[in-house]
Amino acid sequence: MPLQTDEFLRFVRIFGGAPQNQVPRSVYPIIPMSSVWSAVLQKLRVELASIARDTTSLMNATAFRRGRSTRGTTIAKLDPTPAQQIAGSRLQERLMQWHTVTGGILKRHSISTPVRLRYLVDEAIVCARLERQTRANITSSQWRREFKEELGALEAELARILDVIDTTVQHTAARTTEIVDVLITEIDEQQIRVTMTPATNTSAPPIVYLPFTPTELDLLIQKYQTPRPDRPVDLSASLAEFGHALYRDVLSPELPRSLDRARSSGSDLQLRLHLEGGVRLHHIPWEVLHDGNEFLAVARGITIARHVASERNRSDATSLRRVLITISNPKTLSPLQAGVEHDRLKAALGGLEMLGLLQIDVATDGSRNTLRRMLDTADESGRPYDAWHYIGHARFNEELKRSELAFVGDDGSDHWVGELELLPLLHAHPSLGLVVLNACNSLAFAQVLATSGIPAIVAMQFEITNEAAIAFSEELYASLIEGHDILGAVNDGRRALFCRTRGVEWMTPVLVLSTLLRSKPSLLHSRDPEGR
């Protein structure tokens, strides 16, 4: 449903507009990272101490004996029963989860430690599984005392790693946000009308010419549609020229003024694009906007999102407590590194899982029917899913003129599903506040989902390599765990891709938001450790 200029201005007043020359506070308050971060770190400390106590208790209850090692020498060790061996394996699982979360934090913040984390955890696992072996000429009480001392030293070293994290990571302070709403209405293939708020010019919205011809746009898209392994410096020049033309000829002078205000006041800037018109307007890669110095989409503190008007007013989700992952890897399509992406998502979100604030489930297969069953079962149990993460393939079907996602058919081959088949399924579950389509060319499908009322959708406007898709998702969710909202998390994901040594795939992820759901707290907001 198109937004007319008057309706757009009314929308701005309701959902974040501000009087002229005032710096508005963001309608998405930024919770300081420490509120989530401190809770995760404290949970890691508590879990480490609990594992050490449980390991000591298990050791005390296990019989001591002398026996032969695999090399034939006499050794002193414990003789656990089958039940005690199972208990030791469970302690190992807890240690591995602890390692995954802690290791993910160290990696995300590039923190180095004097002792390698994995070495310490492996030594602790030997104790937890009751596999420690020593010389034979030792009494049971001496053996157990040395076990406790060794385990205590390992616990102290691991706790010191948490201390390093606590003193190294910089906690984020709350910031204000300069909000710029832009309504771009297509008049013809070359002319557009641009309405911006806040605006210093109160006259009629200007009609401007796009700074490129349809042919030039098609050539640019063709050049970057498929990821190229070239160095970023060899690929960025034409992108910067294109992005600066958009910035200079379409969004000046209002956007530069807003950007100057934000920078001078130390505020963030949020650019909200409302695109009304034909397909070509949506095909423009607005995410490559360039102010002459840098690409705005990868500048720290600047977020860019596309807003789509919706006639539906879905019930709004208030937290991110349960995520469903669908891995669609049909045998008839190019294989995906889905297992790697899943493992790295688990690592990124492990802190929230450890806190009991988040549950991650993976669908048993990539079929649409399994997706339906799992969504239905979650609703019926009173624990519905708040987010759906799709890992697979997408395309635009030229014959049917529709966007499609690939699911796995009954015979394992690709089963392409359009919006008419998928939307009724998603509409039946109003708790879904976030959809991540980690699939090539999925932007058109995301726009359909936003029109239907899904509050936030992350999609890919071009093809993307497996490696880049995995890196983006990992950074996206790692940012969410630190308390950032979806806008900031997408910005962090783009910045992670921007730092890769090959390609310019940072321009591929797009955030699409449904406009009619912006007045309520939702998954678009950051969160505190209690999930409020």
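See the structure shown above.
Only a predicted model underlies this, so the values are computations on that prediction, with no experimental measurement involved. (Residues numbered from 1 in each chain as written. Predicted model: local features only at pLDDT ≥ 70, side-chain atom pairs only at ≥ 80, totals over all residues. Heavy atoms only, no water.)

What about the sheet that holds strand β16 (residues 456–460)?
Consideration 1: Across the sheet, which stays open at both edges, the eleven strands sit in the order β6-β5-β4-β7-β8-β17-β16-β15-β11-β9-β10 with mixed pairing between neighbours. Strands at the two margins of the open sheet, each flanked by one partner only, are β6 (207–209) and β10 (359–362). Here the strands of the sheet are splayed against their neighbours by 25° on average, with no regard to which way each runs.
Consideration 2: Two elements, strand β5 (residues 191–197) and β6, share three bridges in a ladder whose sense is antiparallel. Paired with Q191 across the two strands is Y209, which belongs to β6. (Pairing = 2+ DSSP bridges. Helix = DSSP H or I, 4+ residues; strand = E, 2+ residues; numbered from the N terminus. Axes fitted to C-alpha atoms, helices over the stretch in contact; angles between N-to-C directions.)

What to know about the packing of aromatic side chains
Each aromatic ring pair is specified by the distance between its two centres and by the angle formed by the two planes.
Consideration 1: A full pass over the atoms with the stated rule returns eight aromatic pairs.
Consideration 2: Both rings, one in W143 and one in F147, keep their centres 5.6 Å apart while their planes meet at 25°; by these two values the pair is stacked. One end of the pair, W143, and the other, F147, are both in helix α5 (residues 140–168), four residues apart, so they sit about a helical turn from each other.
Consideration 3: Owing to a relative accessible area of 0%, F147 belongs among the buried residues under this scheme.
Consideration 4: Ring centres of W388 and F407 lie 6.4 Å apart, and the angle between their planes is 5°; on these two criteria the pair is classed as stacked. Note that W388 is positioned in strand β11 (residues 387–391) and F407 in strand β13 (residues 402–408), a separation of 19 residues in sequence. (Phe/Tyr/Trp six-rings, centres within 6.5 Å; stacked < 30°, edge-to-face > 60°. Buried < 20%, exposed > 50% of the residue type's maximum accessible area, 1.4 Å probe, protein only.)

Some thoughts on the sheet that holds strand β12 (residues 394–397)
Pairing between the strands of a sheet is mediated by backbone hydrogen bonds and can be parallel or antiparallel.
Consideration 1: Ordered by their spatial adjacency, three strands build an open sheet running β12-β13-β14, and the pairing between neighbours is antiparallel. The two strands at the open ends of the sheet, each matched to only one other strand, are β12 and β14 (414–418). Averaged over neighbouring strand pairs, the angle between their axes works out to 40° when direction is ignored.
Consideration 2: Taken together, the five bridges between β13 and β14 define a ladder with antiparallel strand orientation. Bridged to E404 within β14 is G418.
Consideration 3: Contacts between helix α12 (residues 419–427) and the sheet are confined to β13 and β14, with β14 contributing the most and set at about 75° to the helix. (Contact = heavy atoms within 4.5 Å.)

Some words on the packing of helix α3 (residues 82–108) against α5
Consideration 1: Relative orientation of the contacting elements α3 and α5 amounts to 35°, with a least axis distance of 11 Å. Read as a crossing pair, α3 and α5 show a hand that is left-handed. Contact with α3, carried on its side by W98, T102, I105 and L106, involves L158, I161, L162 and I165 of α5 and no other residues of that element.
Consideration 2: Partitioned by chemical class, the residues of the contact of α3 with α5 number seven nonpolar, one polar and no charged. (Left-handed = near helix turned anticlockwise from the far one by under 90°. Nonpolar A, V, L, I, M, F, W, Y, C, P; charged D, E, K, R; others polar.)

Things to note about helix α4 (residues 117–128)
Consideration 1: A rise of 1.5 Å per residue sets the reference length of α4, with its twelve residues, at 16 Å; its end C-alpha atoms lie 16 Å apart and thus fit the reference within 8%.
Consideration 2: Those residues of α4 that sit buried are L117, L120, V121, A124, I125, C127 and A128. An end-on view of α4 places all buried positions within 155° of arc, on one side of the element.
Consideration 3: One or two steps after α4, the chain reaches L130, where phi turns positive at roughly 60°. (Expected span 1.5 Å × (residues − 1). Arc of directions from axis to C-beta.)

A few points about the pattern of salt bridges
Consideration 1: Inspection of the entire model under this criterion finds 27 salt bridges.
Consideration 2: Among the salt bridges present, the one from K107 reaches E474, with a minimum N-O distance of 3.5 Å. Here K107, found in helix α3, pairs with E474, found in helix α14 (residues 466–481); they are 367 residues apart in sequence, far enough to count as distant.
Consideration 3: Classification of E474 as buried rests on a relative accessible area of 17%.
Consideration 4: The shortest N-O distance in the salt bridge between R372 and D376 comes to 3.3 Å. Pair noted here: R372 and D376 are both in helix α11 (residues 368–380), with a separation of four residues, about one helical turn.
Consideration 5: Looking at D376, the relative accessible area reads 23%, which means it is partly exposed.
Consideration 6: Overlapping salt bridges bring together R132, R135, E146 and E150 as one network. (Salt bridge = Lys/Arg side-chain N within 4 Å of Asp/Glu carboxyl O.)

Points about the environment of T226
Consideration 1: Looking at where T226 falls in the secondary structure, it is placed in the loop between α6 (214–225) and α7 (232–249).
Consideration 2: Placed 237 residues apart in sequence, T226 and E463 show a C-alpha to C-alpha distance of 5.4 Å.
Consideration 3: Separated by 3.3 Å, the side chains of T226 and E463 make a polar contact. (Polar contact = N/O pair within 3.5 Å; in protein donor to acceptor, adjacent residues only side chain to side chain.)

Side note on unusual backbone geometry
Where the residue is not glycine, phi is negative for most of them; where a peptide bond is considered, it is trans in most cases.
Consideration 1: Geometrically, the link from S252 to P253 is a cis peptide bond, its omega value of 5° lying close to zero.
Consideration 2: Among the secondary structure elements, P253 is positioned in the loop between α7 and α8 (254–265).
Consideration 3: For S110, which is not a glycine, the phi torsion comes out positive at approximately 50°.
Consideration 4: Mapped onto the elements, S110 comes out in the loop between α3 and α4.
Consideration 5: Located in the positive-phi region is K401, a residue other than glycine, with phi close to 55°.
Consideration 6: By the element assignment, K401 lies in the loop between β12 and β13.

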